Amino acid sequence: MNIVALMIGRGGSSLKDKNILPVLGVPLLHWTAAAARHSRHVDRFYISSDCQRILQTAREAGYRPIERPAELASATAQSSDAVRHAFEIMERDGPIDVLVVQHANVGTVSTAQIDACIDLLLANPEATSVVPAHQHPEYHPMRAKRLRSDGSLEPFVAEGGVSANRQDLPTCYFFDHSFWVLRGRDAVFDPLGQQPWPCMGSRILPFETSGCRDVHDLADLETTAQWITEHSIPIPDFGADKIR
(Lines give C-alpha, C1' and ligand atoms only; values in the text may rest on other atoms or scores of the structure.)
Protein backbone atom coordinates (compact mmCIF):
# COMPACT_ATOMS: atom_id res chain seq x y z
CA MET A 1 0.00 0.00 0.00
CA ASN A 2 1.14 3.52 -0.80
CA ILE A 3 0.14 5.57 2.24
CA VAL A 4 0.85 9.29 2.23
CA ALA A 5 0.42 12.08 4.79
CA LEU A 6 -0.64 15.58 3.77
CA MET A 7 -0.66 18.38 6.33
CA ILE A 8 -2.76 21.45 5.51
CA GLY A 9 -2.52 24.87 7.10
CA ARG A 10 -3.17 28.44 5.95
CA GLY A 11 -1.06 31.40 6.95
CA GLY A 12 -4.01 33.71 7.59
CA SER A 13 -5.69 33.39 10.98
CA SER A 14 -7.22 35.47 13.74
CA LEU A 15 -4.39 34.08 15.90
CA LYS A 16 -1.22 35.08 14.05
CA ASP A 17 1.11 32.18 13.18
CA LYS A 18 -0.99 29.77 15.25
CA ASN A 19 0.26 26.69 13.35
CA ILE A 20 3.85 27.34 14.38
CA LEU A 21 3.40 28.87 17.84
CA PRO A 22 5.29 26.95 20.56
CA VAL A 23 3.62 24.23 22.61
CA LEU A 24 5.96 22.95 25.33
CA GLY A 25 8.76 24.64 23.40
CA VAL A 26 7.93 22.94 20.09
CA PRO A 27 6.09 24.41 17.04
CA LEU A 28 2.46 23.29 17.18
CA LEU A 29 2.47 21.51 13.82
CA HIS A 30 5.48 19.40 14.86
CA TRP A 31 3.27 17.47 17.27
CA THR A 32 0.96 16.13 14.59
CA ALA A 33 3.92 15.69 12.25
CA ALA A 34 5.66 13.47 14.80
CA ALA A 35 2.51 11.35 15.19
CA ALA A 36 2.54 10.59 11.46
CA ARG A 37 6.32 10.17 11.19
CA HIS A 38 6.15 7.35 13.74
CA SER A 39 3.28 5.58 11.97
CA ARG A 40 4.01 2.05 10.86
CA HIS A 41 2.07 2.75 7.66
CA VAL A 42 2.94 6.21 6.32
CA ASP A 43 6.02 6.58 4.14
CA ARG A 44 5.63 9.89 2.27
CA PHE A 45 4.98 13.30 3.83
CA TYR A 46 3.83 16.64 2.37
CA ILE A 47 2.70 20.05 3.59
CA SER A 48 0.30 22.35 1.70
CA SER A 49 0.35 26.01 2.69
CA ASP A 50 0.51 29.55 1.35
CA CYS A 51 2.87 30.56 4.19
CA GLN A 52 6.63 30.15 3.82
CA ARG A 53 7.12 29.98 7.61
CA ILE A 54 4.69 27.06 7.84
CA LEU A 55 6.33 25.30 4.88
CA GLN A 56 9.80 25.71 6.40
CA THR A 57 8.69 24.53 9.85
CA ALA A 58 7.16 21.42 8.27
CA ARG A 59 10.37 20.85 6.28
CA GLU A 60 12.11 20.46 9.64
CA ALA A 61 9.81 17.48 10.26
CA GLY A 62 10.58 15.88 6.90
CA TYR A 63 7.52 17.18 5.02
CA ARG A 64 7.90 18.17 1.37
CA PRO A 65 6.39 21.59 0.58
CA ILE A 66 3.48 22.23 -1.76
CA GLU A 67 2.84 25.94 -2.27
CA ARG A 68 -0.89 26.59 -2.22
CA PRO A 69 -2.21 29.16 -4.71
CA ALA A 70 -3.82 32.31 -3.34
CA GLU A 71 -7.33 31.27 -4.40
CA LEU A 72 -7.07 28.21 -2.13
CA ALA A 73 -5.69 30.18 0.83
CA SER A 74 -8.45 32.71 1.48
CA ALA A 75 -10.68 32.69 4.55
CA THR A 76 -13.50 31.27 2.39
CA ALA A 77 -11.42 28.65 0.55
CA GLN A 78 -12.59 25.06 0.98
CA SER A 79 -10.25 22.50 2.53
CA SER A 80 -11.39 19.80 0.08
CA ASP A 81 -10.17 21.97 -2.80
CA ALA A 82 -6.76 22.35 -1.15
CA VAL A 83 -6.56 18.57 -0.67
CA ARG A 84 -7.46 17.93 -4.30
CA HIS A 85 -4.89 20.47 -5.50
CA ALA A 86 -2.16 18.83 -3.44
CA PHE A 87 -3.25 15.31 -4.43
CA GLU A 88 -2.59 15.97 -8.11
CA ILE A 89 0.93 17.16 -7.25
CA MET A 90 1.72 14.31 -4.84
CA GLU A 91 0.64 11.69 -7.39
CA ARG A 92 3.53 12.77 -9.59
CA ASP A 93 5.81 11.10 -7.03
CA GLY A 94 3.88 7.82 -7.14
CA PRO A 95 0.45 6.30 -6.55
CA ILE A 96 -1.54 7.06 -3.40
CA ASP A 97 -3.74 4.30 -2.01
CA VAL A 98 -4.47 6.00 1.32
CA LEU A 99 -4.13 9.67 2.20
CA VAL A 100 -3.86 10.89 5.78
CA VAL A 101 -4.90 14.54 5.88
CA GLN A 102 -3.55 16.33 8.95
CA HIS A 103 -4.58 19.73 10.28
CA ALA A 104 -1.62 21.89 11.23
CA ASN A 105 -3.42 23.58 14.12
CA VAL A 106 -4.12 20.35 16.05
CA GLY A 107 -1.45 18.90 18.33
CA THR A 108 -3.67 16.45 20.20
CA VAL A 109 -2.98 13.50 17.92
CA SER A 110 -1.18 10.23 18.63
CA THR A 111 0.49 7.70 16.36
CA ALA A 112 -1.82 5.04 17.78
CA GLN A 113 -4.87 6.99 16.59
CA ILE A 114 -3.50 7.41 13.08
CA ASP A 115 -2.56 3.75 12.76
CA ALA A 116 -5.91 2.59 14.17
CA CYS A 117 -7.79 4.66 11.58
CA ILE A 118 -5.64 3.34 8.75
CA ASP A 119 -6.17 -0.22 9.98
CA LEU A 120 -9.93 0.35 10.10
CA LEU A 121 -10.00 1.69 6.54
CA LEU A 122 -7.93 -1.24 5.24
CA ALA A 123 -10.25 -3.70 7.01
CA ASN A 124 -13.31 -2.14 5.36
CA PRO A 125 -12.78 -1.99 1.59
CA GLU A 126 -16.23 -0.52 1.01
CA ALA A 127 -15.41 2.57 3.10
CA THR A 128 -14.10 5.74 1.45
CA SER A 129 -12.68 7.18 4.66
CA VAL A 130 -12.24 6.87 8.41
CA VAL A 131 -12.54 10.07 10.41
CA PRO A 132 -12.05 10.60 14.16
CA ALA A 133 -15.37 11.73 15.60
CA HIS A 134 -16.98 12.26 18.98
CA GLN A 135 -20.43 12.46 20.48
CA HIS A 136 -21.60 15.73 22.04
CA PRO A 137 -25.28 15.22 22.91
CA GLU A 138 -25.53 18.62 24.61
CA TYR A 139 -25.24 20.10 21.10
CA HIS A 140 -27.33 17.52 19.29
CA PRO A 141 -28.75 18.99 16.03
CA MET A 142 -32.29 17.99 17.01
CA ARG A 143 -31.98 20.43 19.92
CA ALA A 144 -30.64 23.30 17.81
CA LYS A 145 -32.59 26.48 17.18
CA ARG A 146 -32.57 29.03 14.38
CA LEU A 147 -33.30 32.74 14.63
CA ARG A 148 -36.58 34.01 13.16
CA SER A 149 -36.83 37.43 11.54
CA ASP A 150 -38.63 38.72 14.65
CA GLY A 151 -35.72 37.73 16.89
CA SER A 152 -37.36 34.67 18.45
CA LEU A 153 -36.19 31.07 18.07
CA GLU A 154 -37.62 28.05 16.30
CA PRO A 155 -36.37 24.46 15.82
CA PHE A 156 -33.48 24.31 13.35
CA VAL A 157 -34.41 20.76 12.35
CA ALA A 158 -38.10 20.17 11.76
CA GLU A 159 -38.60 17.14 14.01
CA GLY A 160 -41.60 16.52 16.20
CA GLY A 161 -41.50 14.96 19.65
CA VAL A 162 -37.85 15.65 20.47
CA SER A 163 -37.01 14.32 23.91
CA ALA A 164 -35.38 16.52 26.54
CA ASN A 165 -33.40 13.48 27.70
CA ARG A 166 -30.04 13.05 25.96
CA GLN A 167 -30.21 9.25 26.09
CA ASP A 168 -33.41 9.29 24.05
CA LEU A 169 -31.83 11.10 21.09
CA PRO A 170 -30.41 9.17 18.11
CA THR A 171 -26.63 8.81 18.09
CA CYS A 172 -24.94 11.84 16.55
CA TYR A 173 -21.25 12.35 15.74
CA PHE A 174 -19.16 15.48 15.21
CA PHE A 175 -15.85 15.29 13.35
CA ASP A 176 -12.71 16.06 15.36
CA HIS A 177 -10.88 17.60 12.35
CA SER A 178 -7.57 16.48 13.78
CA PHE A 179 -6.88 14.23 10.78
CA TRP A 180 -8.79 12.30 8.10
CA VAL A 181 -7.86 8.95 6.54
CA LEU A 182 -9.04 8.85 2.91
CA ARG A 183 -9.04 6.03 0.36
CA GLY A 184 -6.89 7.77 -2.21
CA ARG A 185 -8.42 9.11 -5.41
CA ASP A 186 -11.64 7.15 -4.87
CA ALA A 187 -12.45 9.30 -1.85
CA VAL A 188 -10.76 12.58 -2.70
CA PHE A 189 -12.53 12.91 -6.06
CA ASP A 190 -15.73 11.03 -5.21
CA PRO A 191 -18.52 12.84 -7.15
CA LEU A 192 -20.94 11.80 -4.38
CA GLY A 193 -18.68 12.90 -1.54
CA GLN A 194 -20.58 14.14 1.51
CA GLN A 195 -20.71 17.88 2.03
CA PRO A 196 -19.16 20.01 3.39
CA TRP A 197 -15.98 17.92 3.03
CA PRO A 198 -16.58 15.93 -0.17
CA CYS A 199 -12.98 14.68 -0.25
CA MET A 200 -14.01 12.23 2.50
CA GLY A 201 -16.13 10.39 -0.06
CA SER A 202 -19.61 8.97 0.31
CA ARG A 203 -19.07 6.19 2.88
CA ILE A 204 -17.39 7.55 6.01
CA LEU A 205 -16.65 5.39 9.05
CA PRO A 206 -16.25 7.07 12.46
CA PHE A 207 -13.32 6.37 14.78
CA GLU A 208 -14.78 7.37 18.12
CA THR A 209 -12.74 9.67 20.35
CA SER A 210 -13.38 12.09 23.19
CA GLY A 211 -12.74 15.01 20.81
CA CYS A 212 -9.65 17.01 19.93
CA ARG A 213 -8.37 20.45 20.87
CA ASP A 214 -7.83 22.45 17.70
CA VAL A 215 -6.06 25.74 18.30
CA HIS A 216 -7.89 29.00 17.64
CA ASP A 217 -6.67 31.13 20.57
CA LEU A 218 -3.91 31.21 23.18
CA ALA A 219 -6.00 29.25 25.71
CA ASP A 220 -6.15 26.38 23.20
CA LEU A 221 -2.36 26.20 23.25
CA GLU A 222 -2.51 25.60 27.00
CA THR A 223 -5.13 22.84 26.73
CA THR A 224 -3.07 21.24 23.95
CA ALA A 225 -0.02 21.22 26.22
CA GLN A 226 -2.07 19.65 29.01
CA TRP A 227 -3.32 16.89 26.69
CA ILE A 228 0.19 16.13 25.46
CA THR A 229 1.48 15.92 29.03
CA GLU A 230 -1.43 13.78 30.24
CA HIS A 231 -0.93 11.33 27.37
CA SER A 232 2.87 11.17 27.77
CA ILE A 233 3.51 12.11 24.15
CA PRO A 234 7.31 12.30 23.58
CA ILE A 235 8.93 15.53 22.44
CA PRO A 236 9.28 15.48 18.61
CA ASP A 237 12.82 14.88 17.35
CA PHE A 238 13.23 14.66 13.59
CA GLY A 239 17.02 14.68 13.42
CA ALA A 240 18.30 13.72 9.99
CA ASP A 241 14.78 13.68 8.54
CA LYS A 242 14.80 17.43 7.97
CA ILE A 243 14.39 18.57 4.36
CA ARG A 244 16.67 21.43 3.36
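Residues numbered from 1 in each chain as written. Predicted model: local features only at pLDDT ≥ 70, side-chain atom pairs only at ≥ 80, totals over all residues. Heavy atoms only, no water.

Brief notes about the overall build of the chain
- When helices and strands are counted, the chain shows 6 helices and 12 strands.
- Taking the principal axes of its C-alpha atoms as reference, the chain extends roughly 60 × 40 × 35 Å.
- Within the chain, the fraction of its 244 residues that count as buried is 48%.
- For the chain, contacts bridging at least 24 residues in sequence account for 74% of all contacts bridging at least 6.
- When the accessible surface of the chain is split by element, carbon and sulfur atoms take 50% of a total near 12200 Å².
- Here the chain carries 23 positive and 30 negative side-chain charges, and the mean point of each set is 3 Å from the other. (Helix = DSSP H or I, 4+ residues; strand = E, 2+ residues; numbered from the N terminus. Buried < 20%, exposed > 50% of the residue type's maximum accessible area, 1.4 Å probe, protein only. Contact = heavy atoms within 4.5 Å. Areas by Shrake-Rupley, 256 points an atom, 1.4 Å probe, with all protein chains shown as cover. Lys, Arg positive; Asp, Glu negative; His and termini not counted. Charge placed at Lys NZ, Arg CZ, Asp CG, Glu CD.)

Some points on the pattern of salt bridges
- This structure, assessed with the given rule, holds 9 salt bridges.
- The partner of Arg-166 in a salt bridge is Glu-138, and the shortest N-O contact between them spans 2.5 Å. You can see Arg-166 sitting in the loop between β9 (153-155) and β10 (174-175) and its partner Glu-138 sitting in the loop between β7 (129-134) and β8 (145-147), a full 28 residues away along the chain.
- A relative accessible area of 41% places Glu-138 in the partly exposed class.
- Linking Arg-148 and Glu-154 is a salt bridge whose minimum nitrogen-to-oxygen distance equals 3.2 Å.
- Connected through salt bridges with shared partners, the residues Arg-40, Asp-115 and Asp-119 form a single ionic network. (Salt bridge = Lys/Arg side-chain N within 4 Å of Asp/Glu carboxyl O.)

Looking at helix α2 (residues 52-59)
- Listed as buried for α2 are Ile-54, Leu-55, Thr-57 and Ala-58. Here the buried residues of α2 occupy an arc of 165° about the axis, which is enough to place them on one side.
- Residues of α2 that are buried make contact with β3 (26-27), α1 (28-37), β4 (44-49) and β5 (64-67). (Arc of directions from axis to C-beta.)

Some words on the nonpolar core
- Grouped together as the largest cluster of nonpolar side chains are 34 residues, with contacts concentrated most on Tyr-63, Val-100, Ile-114 and Val-181.
- Elements supplying a minimum of two residues to this core: β1 (3-8), α1, β4, α2, β6 (98-103), α4 (111-123) and β11 (179-182).
- Take this core: its biggest share by element is 5 residues, from α1.
- Counting residues in each nonpolar core, the second largest holds 20 residues, with Ala-86, Phe-87, Leu-99 and Cys-199 among its members. (Core = buried A, V, L, I, M, F, W, Y, C linked by side-chain atoms within 4.5 Å.)

Things to note about the environment of Leu-21
- The residue Leu-21 is located in the loop between β1 and β2 (22-23) in this model.
- Along the chain, Leu-21 and Leu-121 lie 100 residues apart, while their C-alpha atoms are 32 Å from each other.
- With sequence-adjacent residues up to four places away left out, Leu-21 is seen in contact with Leu-15, Lys-16, Val-26, Pro-27, Leu-28 and Leu-221.

Some words on the state of the cysteines
- According to the stated counting rule, one finds 0 disulfides in the structure shown.
- Here Cys-212 is not cross-linked by a disulfide; its sulfur's nearest cysteine counterpart is in Cys-117, at 12 Å. (Disulfide = S-S within 2.5 Å.)

Points about unusual backbone geometry
- For the bond from Gln-195 to Pro-196, the omega torsion is 5°, close enough to zero to count as cis.
- Its location among the elements puts Pro-196 in the loop between α5 (184-188) and β12 (204-208).
- One non-glycine residue, Leu-24, lies in positive phi territory at about 55°.
- With respect to the helices, strands and loops of the structure, Leu-24 is situated in the loop between β2 and β3.
- Phi angles above zero are rare outside glycine, and His-177 is one such case at about 65°.
- Structurally, His-177 can be placed in the loop between β10 and β11.

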